Amino acid sequence: MSVAADEPGNPAHAMFERFRSARECREVLSCFGELCQQLGLQGSGLQLYHGLKATLNYWSAKVLWNKLDKKAGHKDYDQGTAC
């Protein structure tokens, strides 16, 4: 039986924290790949972002989702359609 992505003690939470605190590009990419694998996610771009956002219901991740959504909604990004 797997642990839901929003349950305490979830390994995905620890993996997200490793990703968030990574300092070097190689480490960031490695942690991100492991996180996606842990959550069973594939894809790229917005599809992957929405999958992560829906699957990883963790307070620290929610802070990042809010920041990214706010940034994407800025006029420079054409309300999220430019990138």
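You'll find the chain entered in an unreviewed UniProt entry as Protein-methionine sulfoxide oxidase MICAL1, with Leptosomus discolor given as the organism.

Enquirer: What is the right way to look at the side chain of Glu 17 in this model?
Expert: Within the element layout of this structure, Glu 17 appears in helix H1 (residues 11-21). In this structure the side chain of Glu 17 is engaged in a polar contact, spanning 2.8 Å, whose partner is the side chain of Ser 60. Not counting residues within four places of it along the chain, the set of residues in contact with Glu 17 comprises Tyr 58 and Ser 60.

Enquirer: What am I meant to see in the packing of aromatic side chains here?
Expert: What describes a pair of aromatic rings is the distance from one ring centre to the other and the angle between the planes of the rings. Enumeration over the complete set of coordinates arrives at 6 aromatic pairs. Between Phe 16 and Phe 19, the ring centres sit 6.0 Å apart and the planes meet at 55 degrees, which makes this aromatic pair tilted. Linking Phe 16 with Phe 19, this pair stays in helix H1, spanning 3 residues, or about one helical turn. When sorted by exposure, Phe 16 lands in the same class as Phe 19, which is buried.

Conventions and cut-offs
Sequence positions are assigned chain by chain, starting from 1 and proceeding in written order. Where local features are concerned, this predicted model is filtered to residues with pLDDT of at least 70; where side-chain atom pairs are given and counted, the filter is 80 or more; whole-chain, interface and lining totals use all residues. In computing side-chain values, all of the structure's heavy atoms are included and hydrogens and water are not. Under the scheme used here, helices are H or I runs from DSSP no shorter than 4 residues and strands are E runs no shorter than 2 residues, and both carry numbers assigned from the N terminus. What qualifies as a polar contact is a pair of N or O atoms within 3.5 Å, subject to a donor-acceptor requirement within protein and to the restriction that residues adjacent in sequence count only when both atoms come from side chains. Residues count as neighbours in contact if any of their non-hydrogen atoms are within 4.5 Å of one another. Only Phe, Tyr and Trp rings take part, Trp by its six-membered ring, and two of them pair if their centres are within 6.5 Å. Stacked means planes under 30 degrees apart, edge-to-face means over 60, and tilted covers everything else. Residue exposure (1.4 Å probe, protein chains only): buried if accessible area is under 20% of the type maximum, exposed if over 50%, otherwise partly exposed.

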